[in-house]
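Below are the chains, spelled out letter by letter.
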Amino acid sequence: MLLSCQNHTLYLPYSSTHSSKNSRPNIIINCQNPNDIPRRHNSKSTSFLIHHLSHKNSDNHHPSPTELQDPTPHEEKVKLLELSLVRKRTPQFPGSIYAQSPTDSDVGSSLPPLRTLFRSSGDDEEEEEVMIMKALGIRRKVTQEVFKEAMRKGKFGITYIENLVSRLGGFIDYVMIEAANLKRLPQYSQSTFNLRAKTVIEDSQVVQLIRWLKHNSLSYPQIAKLVMMSRGKLESIRNRIEWLKSVHVKGDFIGEAMLKGGDNILLRSDQELDEIVECLESNGVRREWMGYVVSRCPKLLSYSLEEVKIRVQFYLDMGLDEKDFGTMVFDFPKALGNYTMEEMNRKVDYLKEFGLDSKDVGKLLAFRPQLMACSIEEQWKPLVKYLYYYGITRDGMKRMLTIKPMVFCVDLEMTIVPKDLGVRNDGIANMLVKFPTLLTYSLYKKIRPVVIFLMTKAGVTEESIGKVVALGPELLGCSIVHKLEVNVKYHLSLGIRLRQLGEMVADFPMLLRYNIDVLRPKYTYLRKTMVRTLQDLIEFPRFFSYSLEGRIIPRHKVLVENQINVKLKCMLACTDEEFNKMVKNTIRKRHKFQSTVMKGDTPHPQSLDTGDITTPQT
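Residues numbered from 1 in each chain as written. Predicted model: local features only at pLDDT ≥ 70, side-chain atom pairs only at ≥ 80, totals over all residues. Heavy atoms only, no water.

Undergrad: Describe the overall build of the chain, naming the residues involved and giving the relevant values.
TA: Looking only at helices and strands, the chain features 31 helices and three strands. In the chain, buried positions account for 41% of the 618 residues. Only carbon and sulfur atoms are counted for the fraction: they give 52% of the accessible area of the chain, which is about 35600 Å². (Helix = DSSP H or I, 4+ residues; strand = E, 2+ residues; numbered from the N terminus. Buried < 20%, exposed > 50% of the residue type's maximum accessible area, 1.4 Å probe, protein only. Areas by Shrake-Rupley, 256 points an atom, 1.4 Å probe, with all protein chains shown as cover.)

Given below as structure tokens:
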């Protein structure tokens with residue numbers, strides 16, 4: 001096709017792809033006026049051609065700075081940038097002045113040099129800066145595409161790749177910069193940016209590292225954070241992984257340990273971390289426990305050796321020996337490394353306000369180190385206020401804290417407050433001080449099933465259930481299947497009716513907590529040796545609470561030898577002093593009665609006994 005404009009004639013190919021088989025005749029166009037150019041080209045290509053011809057027509061003189069200004073519109077510059085930097089070219093229509101030929105050695109050979117886009121001065125400096133930033137943005141997108149292609153070759157899913165790359169902005173910039181730096185090397189001076197970016201990604205082995213981290217249950221946000229933490233030094237991740245394995249950290253916890261071990265964990269040397277491990281090991285933390293401790297409290301790895309020693313000494317000063325300290329750290333590693341020293345001191349001082357000294361607090365923390373995880377303002381103070389409302393004194397709280405420190409770790413609103421068991425307010429204080437473990441039980445999983453069982457299977461009435469809970473709160477901690485149901489069946493097998501059993505439980509709730517092996521010999525002795533009726537047992541169910549060898553048999557022998565018959569309550573529910581006094585008074589009354597009947601002064605032989613009658617004479 002021949003295009004003639006004014007005094008110039010141009011020969012342009014009809015198509016950007018020349019073919020000998022489908023050759024077409026050239027079209028000759030004479031244009032004396034640029035406006036007479038046929039509409040075979042779009043307006044932009046025509047304007048660019050006219051501009052090119054006008055510059056070529058000008059005399060050979062050095063253009064002024066104003067003449068060097070690029071007349072290309074801003075939108076056209078953006079399109080040129082995209083064509084120059086994008087990884088995949090947008091297909092161009094035939095006749096386009098920017099169309100690339102497949103035979104070109106460089107796909108950008110038909111494009112104008114990028115430097116022509118940034119010829120500016122004065123007022124155009126701001127536009128140049130904008131164009132440079134857009135160029136960087138396009139290059140970043142190209143780098144992302146190269147990285148995504150490497151991930152696809154690593155058999156990652158499309159959605160996973162998109163989610164991961166969206167969080168790796170810093171690493172993408174690192175790859176882009178390193179790929180640009182490679183161009184300075186002779187072997188990469190003529191290579192494309194895509195090739196250089198691909199080389200950087202392959203050399204870093206980031207795809208293999210991501211595969212390994214994903215295999216160890218790390219989510220893509222965690223993997224992205226870890227890669228960003230490395231700041232391009234991915235070998236530091238591998239080195240730290242090997243060290244964590246050496247201290248027995250299991251694979252599933254390696255990623256968590258690295259993410260929560262502080263921002264400097266990848267920058268620390270193995271020697272620094274080894275010193276921390278040796279310090280803990282020398283104070284009672286066993287080597288085989290170290291992996292568990294580091295997994296549960298990776299923040300320990302972010303401290304210096306001096307800081308770790310200060311934290312260890314904090315507990316040793318409260319009287320903990322190496323054995324107690326080691327087991328405490330194993331039980332709850334966060335107590336050592338997850339809280340600031342100021343916070344730890346405040347909690348210890350608050351516990352001392354209940355009347356505990358340093359050694360008592362040390363024993364308390366050794367037994368329940370989870371106390372260090374509790375908040376003074378959000379947990380302890382509301383709990384103390386709640387207990388004080390029910391009349392529990394500071395000494396009662398001290399006893400509760402000593403017996404069951406877990407009470408100060410549970411949630412007040414979710415676990416403690418909902419427990420409305422029908423106990424009178426004046427009895428709640430004694431019940432909680434006696435059995436503070438009750439506050440840690442779940443209302444729906446533990447307490448309510450036991451209450452329902454007592455009312456339906458053990459004969460306890462609705463009016464008596466509050467009394468049962470107040471007198472025997474320990475009953476709520478028993479297993480229904482293995483303890484309560486077995487005891488109920490045994491008592492019913494003795495001939496006790498369900499209603500009578502309910503009255504016995506209301507009088508003595510601990511009746512259902514004893515083992516059958518303990519109850520059986522006592523019942524046998526009661527029925528066969530003491531020759532007592534079942535009604536005596538129903539009236540005094542506490543009979544099962546006394547020792548057979550230590551109290552029941554000795555006192556029964558005394559009564560038999562002295563021919564005394566009293567109720568079980570009078571026989572057992574008293575001290576030895578009161579029992580001796582009762583026997584002597586009974587003998588004296590009988591002697592007096594016999595003397596009155598006989599109307600004589602002959603003393604009864606039994607009245608001569610003035611020794612301790614609790615021990616049978618042999």
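Let us keep going from here.
Undergrad: Quick one: what's the story with helix 10 (residues 234–246), residue by residue and with numbers?
TA: Here helix 10 is 13 residues long and its end C-alpha atoms lie 19 Å apart, about the 18 Å a rise of 1.5 Å per residue gives. Of the residues making up helix 10, those classed as buried are Leu234, Ser236, Ile237, Arg240, Ile241, Trp243 and Leu244. Phi turns positive one or two residues past the end of helix 10, at histidine 248, with a value near 70°. (Expected span 1.5 Å × (residues − 1).)

Undergrad: Describe a negative patch on the surface, naming the residues involved and giving the relevant values.
TA: A grouping of Asp274, Glu275, Glu278 and Glu306 is seen on the molecular surface, where their side chains present a negatively charged patch. At three residues, the largest contribution of residues to the negative patch is made by helix 12 (residues 270–281). By secondary structure assignment, the location of glutamate 306 is in helix 14 (residues 305–316). (Patch = residues over 30% accessible without salt bridge, like charges linked within 9 Å, V, L, I, M, F, W, Y side chains within 5 Å. Salt bridge = Lys/Arg side-chain N within 4 Å of Asp/Glu carboxyl O. Lys, Arg positive; Asp, Glu negative; His and termini not counted. Charge placed at Lys NZ, Arg CZ, Asp CG, Glu CD.)

Undergrad: I'd love a proper account of the environment of asparagine 345, names of residues and values included.
TA: Note on placement: asparagine 345 falls in helix 17 (residues 341–352). On the accessibility criterion, asparagine 345 (35% relative accessible area) is partly exposed. Here the alpha-carbon distance between asparagine 345 and methionine 372, two residues 27 residues apart in the chain, equals 9.9 Å. One polar contact links the side chain of asparagine 345 to the main-chain carbonyl oxygen of methionine 341, over a distance of 2.9 Å. (Polar contact = N/O pair within 3.5 Å; in protein donor to acceptor, adjacent residues only side chain to side chain.)

Undergrad: Quick one: what's the story with helix 26 (residues 498–507), residue by residue and with numbers?
TA: Listed in full, the buried residues belonging to helix 26 are Gln500, Leu501, Gly502, Met504, Val505 and Ala506. Of the surrounding elements, those touching the buried residues of helix 26 are helix 24 (465–471), helix 25 (480–493) and helix 28 (534–539). (Contact = heavy atoms within 4.5 Å.)

Undergrad: Any chance you could break down the pattern of salt bridges for me, citing the residues and the numbers?
TA: Tallied over the full model, the rule gives 14 salt bridges. In this structure, the salt-bridge partner of aspartate 173 is arginine 140, at a minimum N-O distance of 2.6 Å. Taken together, the residues aspartate 173 in helix 6 (residues 169–182) and arginine 140 in helix 4 (residues 125–153) connect sequence positions 33 residues apart. Overall, the relative accessible area of 23% leaves aspartate 173 in the partly exposed class. Exposure remark for arginine 140: the relative accessible area of 29% places this residue in the partly exposed category.

Undergrad: Please provide a residue-by-residue account of the packing of aromatic side chains, values included.
TA: Counted according to the given criterion, the structure contains 17 aromatic pairs. Consider the rings of phenylalanine 156 and tyrosine 160, whose centres lie 5.7 Å apart with planes at 15°: the pair is stacked. The residues phenylalanine 156 and tyrosine 160 share a single accessibility class, namely buried. Taking 6.1 Å as the distance between ring centres and 55° as the angle between the ring planes, the aromatic pair formed by phenylalanine 435 and tyrosine 441 counts as tilted. (Phe/Tyr/Trp six-rings, centres within 6.5 Å; stacked < 30°, edge-to-face > 60°.)

Undergrad: Help me get a handle on the environment of methionine 341, residues and values and all.
TA: Inspection of the secondary structure assignment puts methionine 341 in helix 17. Note: C-alpha distance between methionine 341 and phenylalanine 314 (27 residues apart in sequence) is 8.7 Å. For methionine 341, the residues in contact, after removing those within four places along its chain, are Glu307, Ile310, Arg311 and Phe314.

Undergrad: Mind laying out the side chain of arginine 590, listing which residues take part and the relevant values?
TA: Tracing the backbone through its elements, the reader meets arginine 590 in helix 31 (residues 576–598). In this structure the side chain of arginine 590 is engaged in a polar contact, spanning 2.9 Å, whose partner is the backbone oxygen of glutamine 563.

Undergrad: Describe a positive patch on the surface, with residues and values.
TA: Residues Lys434, Lys467, Arg542 and Lys569 make up a contiguous surface patch of positive charge. Mapped onto the secondary structure, lysine 569 falls in helix 30 (residues 568–572). A residue is classified by how much of its surface remains accessible, and lysine 569, at 55% relative accessible area, is exposed.

Undergrad: Talk me through the side chain of threonine 199; I want residue IDs and the actual numbers.
TA: Looking at the secondary structure, you find threonine 199 in helix 7 (residues 193–204). Residue threonine 199 is classed as buried on the basis of its relative accessible area, which comes to 13%. Setting aside residues up to four positions removed in sequence, threonine 199 forms contacts with Leu182 and Tyr188.

Undergrad: Account for the nonpolar core, naming residues and giving values.
TA: Core analysis: the largest hydrophobic core is formed by 166 residues, its most contacted members being Phe147, Tyr315, Leu454 and Phe543. Beyond its immediate sequence surroundings of up to four residues, phenylalanine 147 is in contact with Val165, Leu168, Phe171, Ile172, Ile201, Val206 and Ile210. (Core = buried A, V, L, I, M, F, W, Y, C linked by side-chain atoms within 4.5 Å.)

Undergrad: Lay out a nonpolar patch on the surface in plain terms, naming residues and giving numbers.
TA: A cluster of nonpolar side chains, Ile132, Met133 and Leu136, forms an exposed patch at the surface whose accessible area comes to about 270 Å². For leucine 136, the position within the fold is in helix 4. The exposure class assigned to leucine 136 is partly exposed, which follows from its relative accessible area of 38%.

Undergrad: So what's going on with unusual backbone geometry? Which residues, and what values?
TA: Within the chain, lysine 155 stands out as a residue other than glycine whose phi angle is a positive 70°. With respect to the element layout, lysine 155 can be found in the loop between helix 4 and helix 5 (158–165). Overall, the relative accessible area of 72% leaves lysine 155 in the exposed class.

Undergrad: Go over the confidence of the model for the chain, please, and point to the residues and values.
TA: Looking at the chain, the pLDDT average stands at 79 and 75% of residues meet or exceed 70. Contacts from residues 63–70, a stretch scored under 50 in pLDDT, to residues over four places away or in other chains number 10 contacts. (pLDDT = per-residue confidence, 0-100.)

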